[in-house]
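# Structural overview
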Amino acid sequence: MAAAPEPGEPEERKSVKLLGFLDVENTPCARHSILYGSLGSAVAGFGHFLFTSRIRRSCDVGVGGFILVTLGCWFHCRYNYAKQRIQERIAREEIKKKILYEGTHLDPERKHNGSSSN
Amino acid sequence: MAHAAQVGLQDATSPIMEELIIFHDHALMIIFLICFLVLYALFLTLTTKLTNTSISDAQEMETVWTILPAIILVLIALPSLRILYMTDEVNDPSFTIKSIGHQWYWTYEYTDYGGLIFNSYMLPPLFLEPGDLRLLDVDNRVVLPVEAPVRMMITSQDVLHSWAVPTLGLKTDAIPGRLNQTTFTATRPGVYYGQCSEICGANHSFMPIVLELIPLKIFEMGPVFTL
């Protein structure tokens, strides 16, 4: 998607597109969700077959399990990813502010130390 | 800019575009799962030995295939509406530029500081220097500061045009007699390309947009005003 990576930047992984459009390598959380979905599908389908010996119905359960487990993992991972991004943004802003205001009267640490000594 | 045969979105240069990429990934995962389900249903249909042609009642299945698509649409609509309202947030722009579409070039007005007005024509192939991009580079770029909210006022002098820069997640129609507004905050410096996105005549494909985003400190020194 991007130009060639600059020195020091992590290289973009070769894209693996499921069904021709879902790039699981370069989409955050996609590979993780698909893998867990496949595992869930195999466990659900095989488990159902062990209990019932019905092949077709077990395949249906496997497909249903794949969809549900993939969706569940996807939402869980994306929620954590969003939280992480917000934390990264807050940290970046705070570092910028610290660099700008350190040693000045606007330094929040100075204000905090001043109020705690009073 | 996009590389050859690129199908996916370009890397984001603004927070809105980052959100759009995240939403795109989310929608694509849902689409993938629906496609997977449909392919499986197709496989079952093609491989079944059942030949019952007198099925007339399937209440449970009809309930499921009514409720489930509604749930899926809600799952897609909620993040979509969130981004839609995010793009309309008022963020106190520090800089305003007017962009006027013509057949077939753009005019930019920097009226905040003096009255700088210039045209931006595509560089004809004969005038390209080594390293220039064919059909994308222009004679005068739009120079803007990074990490400062910028307001673009977009209009047209003749027919419909559209001012689009994919990496910033921007596309705004230029309509004669109407002033449209879009705002953005670029997060990294660089040169970013876009193309007119509304059919406007013979040379519609030959009126690109080039933004040159530079650090605010350098922008304030005034390089853009020394044309």
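Note that the structure is predicted; figures quoted are calculated from it, not measured. (Residues numbered from 1 in each chain as written. Chains lettered and ligands numbered in written order. Predicted model: local features only at pLDDT ≥ 70, side-chain atom pairs only at ≥ 80, totals over all residues. Heavy atoms only, no water.)

## Quick look at the UniProt feature "binding site: Cu cation A1" in chain B
Residues and elements named next belong to chain B. As recorded in UniProt, the feature "binding site: Cu cation A1" lies at His 161, Cys 196, Cys 200 and Met 207. A stretch of 47 residues holds the annotated residues, and the largest C-alpha distance among them is 10.0 Å, short enough that they meet in one place. Secondary-structure assignment places His 161 in strand β6 (residues 161–165). A polar contact is formed between the side chain of His 161 and the backbone oxygen of His 102, at a distance of 3.3 Å. For Cys 200, a relative accessible area of 4% corresponds to the buried category. If near-sequence neighbours (up to four positions away) are discounted, Cys 200 is found in contact with Gln 103, Trp 104, Val 159, Leu 160, His 161 and Met 207. (UniProt positions renumbered as here; feature names shortened; annotations may be inferred. Helix = DSSP H or I, 4+ residues; strand = E, 2+ residues; numbered from the N terminus. Polar contact = N/O pair within 3.5 Å; in protein donor to acceptor, adjacent residues only side chain to side chain. Buried < 20%, exposed > 50% of the residue type's maximum accessible area, 1.4 Å probe, protein only. Contact = heavy atoms within 4.5 Å.)

## Observations regarding the nonpolar core
By size, the foremost hydrophobic cluster in this structure holds 30 residues, and its most contacted members are B:Trp106, B:Tyr108, B:Tyr110, B:Leu144, B:Trp163, B:Phe184 and B:Leu211. Put simply, the parts of the chain that give this core at least two residues each are β1 (95–102), β2 (105–110), β3 (116–120), β4 (142–145), β5 (150–156), β6, β7 (170–174) and β10 (208–214) of chain B. Sort the elements by how many residues they give to this core and β10(B) lands first, with 4 residues. For B:Tyr108, the contacting residues outside a window of four places in its chain are B:Lys98, B:Ser99, B:Leu116, B:Ile117, B:Phe118, B:Ser120, B:Val142, B:Trp163 and B:Ile209. In terms of nonpolar packing, the next biggest core, distinct from the first, is built from 15 residues, A:Leu22, B:Leu28, B:Met29 and B:Leu33 among them. (Core = buried A, V, L, I, M, F, W, Y, C linked by side-chain atoms within 4.5 Å.)

## Some points on the UniProt feature "binding site: Mg(2+)" in chain B
Residues and elements named next belong to chain B. Within this numbering scheme, the UniProt entry marks Glu 198 as carrying the feature "binding site: Mg(2+)". If you trace the backbone, Glu 198 turns up in the loop between β9 (190–195) and β10. Excluding its chain neighbours within four sequence positions, the residues that come into contact with Glu 198 are Leu 160, His 161, Ser 162, Asp 173 and His 204.

## Considerations on the packing of aromatic side chains
Tallied over the full model, the rule gives 7 aromatic pairs over all chains. Summarising the aromatic geometry, the rings of A:Phe66 and B:Phe36 are spaced 4.7 Å apart at their centres and angled 45° between planes, so their arrangement reads as tilted. Here A:Phe66, found in helix α2 (residues 55–101), pairs with B:Phe36, found in helix α1 (residues 15–47), and the two come from separate chains. Judged by relative accessible area, A:Phe66 falls into the buried class, the value being 7%. (Phe/Tyr/Trp six-rings, centres within 6.5 Å; stacked < 30°, edge-to-face > 60°.)

## With respect to the sheet that holds β9(B)
Residue and element names in this part refer to chain B. A sheet is described by the order of its strands in space; here 3 strands give the open sequence β4-β10-β9, paired in mixed fashion. Sheet topology places β4 and β9 at the edges, where each strand pairs with a single neighbour. Neighbour-to-neighbour, the strand axes of the sheet open up by a mean angle of 25°, direction not taken into account. As defined by bridge partners, β4 adjoins β10 across 4 bridges and the pair is classed as parallel. When the sheet's bridge partners are listed, Val 142 is paired in β10 with Leu 211. (Pairing = 2+ DSSP bridges. Axes fitted to C-alpha atoms, helices over the stretch in contact; angles between N-to-C directions.)

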